[in-house]
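If you want the building blocks of each chain, they are given just below.
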Amino acid sequence: MPSWTIFKSPNLIDNFFKFILGPVSGSASLTLRMGSLNLTGTTSGSLDDLVNSLITNYLGENNQSLRNSLTLVSSNTSGTNRELVFQASNYSNFALSHVFTNDSTNFTGTVSY
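Just so it is clear, the structure is predicted and the values come from calculations on it, not from any experiment.

A. Spotlight on the packing of aromatic side chains. By the definition in use, this model includes six aromatic pairs. Ring centres of Phe19 and Tyr113 lie 5.2 Å apart, and the angle between their planes is 90°; this geometry places the pair in the edge-to-face category. On the criterion of sequence distance, the pair formed by Phe19 in strand E2 (residues 16–21) and Tyr113 in the segment after strand E8 (111–112) is long-range, its members being 94 residues apart. With a centroid separation of 4.8 Å and an interplanar angle of 55°, the aromatic rings of Phe100 and Phe107 are classed as tilted. In terms of burial, Phe100 and Phe107 fall into one category: buried. An aromatic cluster is defined as three or more aromatic residues linked by ring pairs; in this entry it consists of Phe17, Phe19, Tyr58, Phe86 and Tyr113.

Structure, rendered in structure tokens:
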């Protein structure tokens, strides 16, 4: 059965916020939701694959409106976790959430904000 842990702290301070992605195993798609904006990536078992997929999709041609609203400031390693830090172009109370889909039966992963 897939499992993951969610910690929410949706306060936007100085227009910056971050998603902290923990180690993953198994395959899944992850959608990061920032208000009405979505960013999706996939993994077949590696956290690096997931982060690279998210960054590639952020930079993709179909995500111009996302890039107009949010700048991906950094992708840092913090221990075994990876952090994606975004800066909003205008203050908005972005409701942060996420969803894993198409996950394998042995999938595990964590996301916190």
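B. Geometry of the pattern of salt bridges. Evaluated as defined, the whole model comprises two salt bridges. One salt bridge connects Asp48 with Arg82, and the closest N-O pair in it is separated by 2.8 Å. Remark: Arg82 occurs in strand E6 (residues 81–88) and Asp48 occurs in helix H1 (residues 47–59); sequence separation between them is 34 residues. Looking at Arg82, the relative accessible area reads 13%, which means it is buried.

C. Representation of the pairing of strand E7 (residues 96–101) in the model. Of the two faces of E7, the one holding Leu96, His98 and Phe100 is buried and the one holding Ser97, Val99 and Thr101 is not buried anywhere. Note: strand E3 (residues 28–34) against E7, six bridges, orientation antiparallel. Note that in E7 the partner of Leu30 across the bridge is Phe100.

Conventions used here
- Residues numbered from 1 in each chain as written.
- Predicted model: local features only at pLDDT ≥ 70, side-chain atom pairs only at ≥ 80, totals over all residues.
- Heavy atoms only, no water.
- Phe/Tyr/Trp six-rings, centres within 6.5 Å; stacked < 30°, edge-to-face > 60°.
- Helix = DSSP H or I, 4+ residues; strand = E, 2+ residues; numbered from the N terminus.
- Buried < 20%, exposed > 50% of the residue type's maximum accessible area, 1.4 Å probe, protein only.
- Salt bridge = Lys/Arg side-chain N within 4 Å of Asp/Glu carboxyl O.
- Pairing = 2+ DSSP bridges.

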